[in-house]
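Next come the chains, spelled out residue by residue.
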Amino acid sequence: MSQKNEFPNFPADCKSMLCKYLTKEVFEELKDKKTSNGFTLKDAINSGVKNIDSGIGVYAGDEESYTVFAKLFDPIIQEYHGFGPNDSHKSNLNPDDLDAPNPDPEGKYIISTRIRVGRNVANLPLGPAITKDQRNQVEQDVSAALNNLDDKLAGTYYPLTGMSESVSAQLIADHFLFKAGDRFLEAAGLNRDWPQGRGIYHNDEKTFLVWVNEEDQLRIISMQMGGDIKEVFTRLATAIKEIEKKVTFSYSPHLGYITSCPTNLGTAMRASVHIALPKLAKDMETFKAITDKHHLQIRGIHGEHSESEGGVYDISNRRRLGVTEVQCVQDMHDGVVALIEKEKSL
Ligand code: ADP
Ligand code: ARG
């Protein structure tokens with residue numbers, strides 16, 4: 001990275017929200033500001049400057065980043081979530097409020113269901129600004145809290161340090177573990193000291209998992225084969241409550257759960273299915289009209305920035321802030337019902 005604190009040169013065809021909202025005026029106003037953890041504008045934008053194909057391009061180093069650099073973050077939050085600076089967030093993790101019968105009881109379309117939330121520990125910097133010692137402490141505290149879980153949530157914490165190449169490759173291929181070397185995270189400072197301080201906790205069945213110190217300090221995940229969305233949500237809600245007994249998470253009445261990427265603020269929830277839609281895949285215009293109507297996002301089957309294989313897609317809620325967790329899952333459920341109906345008609 002150039003050592004100079006100069007306005008970055010984006011190519012004319014750059015489509016990220018960073019290049020859209022980082023005007024020269026905003027840059028001049030923010031370029032010498034710093035949060036109390038020493039996080040600067042240059043740190044916040046480095047991922048989008050280095051990766052000009054970013055969709056968003058910015059990361060926060062701490063909760064304060066969202067106010068110190070509000071001139072840049074606010075319009076991004078507004079465009080991504082439709083959420084304004086005076087709006088407030090509401091949380092609802094009560095499974096009784098969710099109306100989500102299995103959209104595919106015969107198992108013809110939905111392969112698996114997964115719901116995750118991001119969480120970060122209160123009063124600590126986020127991953128892009130955390131120190132090595134703080135990160136290792138998070139790993140210690142969180143793994144100790146997880147090792148205390150019982151019944152169906154009981155499991156084991158596996159640190160990345162010392163994990164064999166073949167074990168981690170298999171966990172990644174099976175959709176359980178995060179990938180190494182993501183270039184967006186790398187430029188955001190989120191891969192510093194890799195692999196130290198990172199790891200994965202899971203129960204024997206691998207239906208409940210926690211990623212430690214990836215993009216967020218915790219990614220709490222519930223997943224299983226098939227389309228029983230409510231069961232997956234219920235397990236997740238129970239797990240969150242249990243972990244909250246031991247760890248206090250960073251939460252603000254305005255932005256909800258604080259995460260390093262502004263797309264994850266609020267509920268920090270992504271509820272997805274892996275679903276086979278081979279016929280609809282041949283008509284992406286119709287496919288996209290349905291996903292847009294239901295506020296859904298389409299990803300490939302190896303996660304973000306991957307491609308679909310064999311007509312199988314990862315379909316998830318797009319909105320996360322200003323809507324409750326129940327609404328996020330409801331968006332996904334209702335959209336999946338509409339997608340299956342369309343696929344059947346083709
Ligand atoms: P995140 O979920 O944290 O936003 P990714 O999009 O990279 O991150 O997904 C993480 C992993 O979870 C990937 O291996 C992805 O294939 C897997 N995954 C996502 N949704 C499902 C699902 N419904 N069933 C099985 N695996 C899934
Ligand atoms: N920084 C990446 C981009 O702008 C990812 C943004 C959303 N995804 C995420 N995992 N936070 O394209």
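Residues numbered from 1 in each chain as written. Chains lettered and ligands numbered in written order. Predicted model: local features only at pLDDT ≥ 70, side-chain atom pairs only at ≥ 80, totals over all residues. Heavy atoms only, no water.

Comments concerning the site of ligand 1
Convention followed: Whether a residue is near a molecule or strand is decided by its heavy atoms; if any one of them lies within 4 Å of it, the residue is near. Under the rule applied, a polar contact is a pair of N or O atoms within 3.5 Å (in protein, one hydrogen donor and one hydrogen acceptor; residues adjacent in sequence only if both atoms are side-chain atoms). To be clear on the numbers: accessible area is Shrake-Rupley with a 1.4 Å probe, and residue cover counts the displayed protein chains and nothing else. Comment: elements are numbered from the N terminus, with helices defined as DSSP H or I runs of at least four residues and strands as E runs of at least two. For this scheme, ten residues count as nonpolar: Ala, Val, Leu, Ile, Met, Phe, Trp, Tyr, Cys and Pro. Four count as charged, namely Asp, Glu, Lys and Arg, and the remainder, Gly too, count as polar.
Of all residues adjacent to ligand 1, which total 18 residues, the nearest are Ser112, Arg114, Arg219, Ser272 and Arg299. His175 places a side-chain nitrogen or oxygen 2.8 Å from an oxygen atom of ligand 1. One of the backbone nitrogen or oxygen atoms of Glu304 is found 3.0 Å away from an oxygen atom of ligand 1. Notes on ligand 1: free accessible area 560 Å², of which the protein chains cover 92%. Looking at the shell around ligand 1, the elements with two or more residues in it are β1 (110-119), β5 (218-225) and β8 (269-276). Here the shell around ligand 1 is composed, by residue class, of four nonpolar, seven polar and seven charged.

Observations concerning the packing of helix α10 (residues 284-293) against helix α11 (residues 325-345)
Defined as follows: Under this scheme, a helix contributes an axis fitted over its contacting stretch, all axes are lines through C-alpha atoms, and angles between N-to-C directions fall in the 0 to 180 degree range. An angle counts as roughly parallel when it lies under 35 degrees, as roughly antiparallel when it exceeds 145, as roughly perpendicular when it falls between 65 and 115, and as oblique in every other case. In this scheme the crossing of two helices becomes right-handed for a clockwise turn of the near helix relative to the far one and left-handed for an anticlockwise turn of less than a right angle. Note on definitions: a residue-residue contact is assigned when non-hydrogen atoms from the two residues lie within 4.5 Å.
Close contact between α10 and α11 brings their axes to 9 Å; oriented N to C, the two are set at 155°. By the angle between their axes, α10 is roughly antiparallel relative to α11. Between α10 and α11 the crossing geometry is right-handed. Taking contact as the criterion, the partners of Thr286, Phe287, Ile290 and Thr291 in α10 are, on α11, Gly335, Ala338, Leu339 and Lys342. For the contact of α10 with α11, the per-class residue count stands at four nonpolar, three polar and one charged.

Thoughts on the nonpolar core
Counted only if it meets this: Among buried residues, the Ala, Val, Leu, Ile, Met, Phe, Trp, Tyr and Cys ones that are joined through side-chain atoms within 4.5 Å form a nonpolar core. Each residue is placed in one exposure class: buried if its accessible area under a 1.4 Å probe, protein chains only, is under 20% of its type's maximum, exposed if it is over 50%, and partly exposed if it falls in between.
If you look at the biggest cluster of nonpolar residues, it comprises 53 residues, and the most contacted ones within it are Phe208, Val210, Ile220, Ile243, Met269, Ile275 and Ile315. Core analysis: the next-biggest nonpolar cluster, separate from the first, contains 32 residues, Phe27, Phe69, Ile76 and Ile77 among them.

A short note on the site of ligand 2
Residues in close proximity to ligand 2 include Ser54, Gly55, Ile56, Gly57, Tyr59, Phe184, Glu215, Cys261, Thr263, Asn264, Glu304 and His305, which together make up its full environment. Taking Tyr59, its side chain carries an N or O atom lying 2.8 Å from a nitrogen atom of ligand 2. With respect to ligand 2, the side chain of Glu304 contributes an N or O atom lying 2.6 Å from a nitrogen atom. Class assignment for the residues of the shell around ligand 2 results in four nonpolar, six polar and two charged.

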